[in-house]
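Coordinate inspection notes
Listed below, chain by chain, are the residues.
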Amino acid sequence: MTDRLPGFNTLAIHAGAAPDKSTGARATPIYQTASFVFDDVDHAASLFGLQAFGNIYSRITNPTNAVLEERIAALEGGTAAVAVASGHAAEFLTMNALMQPGDEFIAADKLYGGSINQFNHAYRNFGWNVVWAETDDPSSFERAITPRTKAIFCESIANPGGVITDIAALSAIAKRHNIPLVVDNTMATPYLIRPFEHGADIVVHSATKFLGGHGNSIGGLVVDGGTFNWAGDDRYPALSQPRPEYAGMVLSENFGNFAFAIAIRVLGLRDLGPALAPFNAFLILNGIETLPLRMQRHCDNALAIATHLSGHAAVDWVSYPGLEGDPYHALARRYAPLGSGAVFTVGLKGGYAAGVKLVSNLQLFSHLANIGDTRSLVIHPASTTHRQLTDPQKISAGAGPEVVRLSIGLEDPADLIEDLDAALSA
Ligand SMILES: *Cc1c(COP(=O)(O)O)cnc(C)c1O
């Protein structure tokens with residue numbers, strides 16, 4: 001091979017993986033072990049002191065997980081990645097490395113509902129204060145910045161679908177104020193959008209969704225872009241100040257452009273513990289091998305279904321950026337030219353009752369709370385995920401009574417259309 005970098009399809013299959021040295025196994029083995037034997041006493045000491053890379057205990061590193069970590073770092077164009085137990089664990093460990101009690105971070109208001117809960121409620125217990133800004137108005141982020149702002153957080157393609165974030169505009173603001181930009185790239189995956197190319201500093205994923213892609217395992221990833229300069233920056237003591245638990249080592253000095261990933265591992269996974277099971281890492285790796293094929297099919301199917309529904313008599317509106325005339329169409333063409341993802345919302349003319357009826361009558365679509373499966377999925381947020389909110393809160397979260405969210409799978413689009421038409425006219 002020349003020094004030309006391999007293409008995305010090749011990386012999706014090969015990055016991080018090699019035939020197993022001791023057995024020749026071609027698929028990545030599941031290293032189902034809690035712990036690893038040291039060569040000798042000196043080796044053990046150097047591992048514990050972070051002077052050598054190697055495996056101690058699967059809460060911190062595991063060889064199956066390491067392949068997944070290298071693969072996602074390659075696909076995103078980051079310097080290093082850390083596999084963790086879930087998408088929420090990825091968000092939590094990221095904030096844990098950035099925030100001190102009393103600090104603030106600014107989050108885009110269009111986010112996965114679980115992230116909104118995590119930020120509004122769970123994080124308050126740590127003294128981490130979320131400040132909400134408007135996803136569609138980058139200047140609202142700049143206005144919210146204070147001396148205690150430690151991060152800006154957004155999604156690339158934002159929940160509940162149909163929203164494309166202007167990542168470059170948020171990055172310009174983040175850079176002007178020297179604050180890291182964290183992008184949740186779950187809905188887009190690196191096949192559609194690579195946030196580091198638009199100025200993000202850290203990428204987080206729920207690997208549960210399109211990366212794993214088959215609805216069979218919970219997992220998360222943190223990817224270090226290697227772009228943020230932590231050295232000497234007292235606002236980020238985890239990165240820039242001597243760590244007493246590692247004999248005074250300063251992570252940014254020792255690990256340079258992958259110090260953030262090291263912090264997630266040695267301060268996050270080691271001390272807080274949300275490790276990914278190697279079996280889940282194996283399933284997610286298998287999913288990633290077909291990510292480019294699946295994502296293209298997801299997007300093509302979603303566009304076909306969105307186009308059909310936008311002309312349907314029972315449908316009031318369809319929010320899918322792939323549709324011409326959609327308010328996010330221009331941003332979609334700029335950031336995600338290959339497709340606008342597979343998750344979107346529709347508003348039914350019949351309101352709440354029509355939403356309930358639709359989810360009850362669909363046969364091929366599964367009525368459940370997830371996205372990014374090979375199977376097509378449906379949920380009526382007002383009666384499920386968002387039912388505890390007041391009506392005005394539901395509407396501002398994009399979960400009004402008439403709203404149904406679809407996650408389009410890989411079935412034949414004609415079968416999905418037939419299922420939707422039958423359920424809408426039932
Ligand atoms: C599902 C999801 C999460 C949370 O991930 P889990 O793996 O369920 O913990 C975070 N962000 C987005 C965009 C998601 O869709």
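Keep in mind that this is a model prediction, so the values were computed, not measured.

**Focus on the pairing of strand β3 (residues 129-133)**
- Across 5 bridges, strand β2 (residues 104-108) lies against β3 in parallel orientation. The partner of I106 across the bridge, within β3, is V131.
- Once you follow β2 into helix α5 (residues 113-120) and on to β3, the crossover reads as right-handed.

**Let's talk about the domain arrangement of the protein chain**
- The domains assigned to the protein chain are domain 1 (8-287) and domain 2 (291-425).
- One C-alpha centre belongs to domain 1, the other to domain 2; they are set 29 Å apart.
- Across the boundary between the two partners, domain 1 contributes 32 residues, which contact 34 residues of domain 2.
- Here domain 1 meets domain 2 over a buried area of about 2800 Å², counting both sides, of which 63% is carbon and sulfur.
- Here domain 1 is connected to domain 2 by 1 salt bridge.

**Some details on the sheet that holds strand β14 (residues 403-407)**
- Ordered by their spatial adjacency, 5 strands build an open sheet running β10-β11-β14-β13-β12, and the pairing between neighbours is mixed. At either margin of the open sheet sits one strand with a lone partner, and together these are β10 (315-319) and β12 (366-367).
- Across 3 bridges, strand β13 (residues 377-379) lies against β14 in antiparallel orientation. Paired with L377 across the bridge in β14 is S407.
- With respect to the sheet, helix α13 (residues 291-310) is in contact with β10, β11 (343-348) and β14, its orientation differing from that of β11 by roughly 10 degrees.

**Structural notes on the site of the ligand**
- G87, D184, S206, T208 and K209 are the nearest of the 15 residues found near the ligand.
- Between T208 and the ligand, the recorded distance is 2.7 Å, taken from a side-chain N or O atom to an oxygen atom.
- Taking 380 Å² as the accessible area of the ligand by itself, protein coverage stands at 93%.
- Tallying contributions element by element places helix α4 (residues 87-98) first for the shell around the ligand, with 3 residues.
- Its residues placed into classes, the shell around the ligand shows 3 nonpolar, 8 polar and 4 charged.

**Description of the packing of helix α12 (residues 278-289) against α13**
- Following both chains from N to C, one finds α12 and α13 inclined at 65 degrees, their axes separated by 5 Å at the closest point. It follows from the interaxial angle that α12 and α13 lie roughly perpendicular. From α12, G287, I288 and E289 reach across to α13, where they touch L291, P292 and R294.
- Residues belonging to the contact of α12 with α13 are distributed by class as follows: 3 nonpolar, 1 polar and 2 charged.

**A few points about the pattern of salt bridges**
- Going through the model one piece at a time under the given rule, you end up with 14 salt bridges.
- A salt bridge links D103 to K150; its shortest N-O distance comes to 2.6 Å. Of this pair, D103 sits in the loop between α4 and β2 while K150 sits in strand β4 (residues 149-155), placing them 47 residues apart in sequence. Across the pair, K150 and D103 agree in class, each one buried.
- The salt bridge partner of R194 is E197, with a shortest N-O separation of 3.0 Å.
- A relative accessible area of 56% places E197 in the exposed class.
- Here the salt bridges do not stand alone but share partners, grouping D103, R148 and K150 into one network.

About the thresholds
Residues numbered from 1 in each chain as written. Predicted model: local features only at pLDDT ≥ 70, side-chain atom pairs only at ≥ 80, totals over all residues. Heavy atoms only, no water. Pairing = 2+ DSSP bridges. Helix = DSSP H or I, 4+ residues; strand = E, 2+ residues; numbered from the N terminus. Right-handed = clockwise from strand over helix to strand, strands pointing away. Domains from an automatic or database assignment. Contact = heavy atoms within 4.5 Å. Buried area = accessible area lost by both parts, 1.4 Å probe. Salt bridge = Lys/Arg side-chain N within 4 Å of Asp/Glu carboxyl O. Axes fitted to C-alpha atoms, helices over the stretch in contact; angles between N-to-C directions. Near = heavy atom within 4 Å. Polar contact = N/O pair within 3.5 Å; in protein donor to acceptor, adjacent residues only side chain to side chain. Areas by Shrake-Rupley, 256 points an atom, 1.4 Å probe, with all protein chains shown as cover. Nonpolar A, V, L, I, M, F, W, Y, C, P; charged D, E, K, R; others polar. Parallel < 35°, antiparallel > 145°, perpendicular 65-115°, else oblique. Buried < 20%, exposed > 50% of the residue type's maximum accessible area, 1.4 Å probe, protein only.

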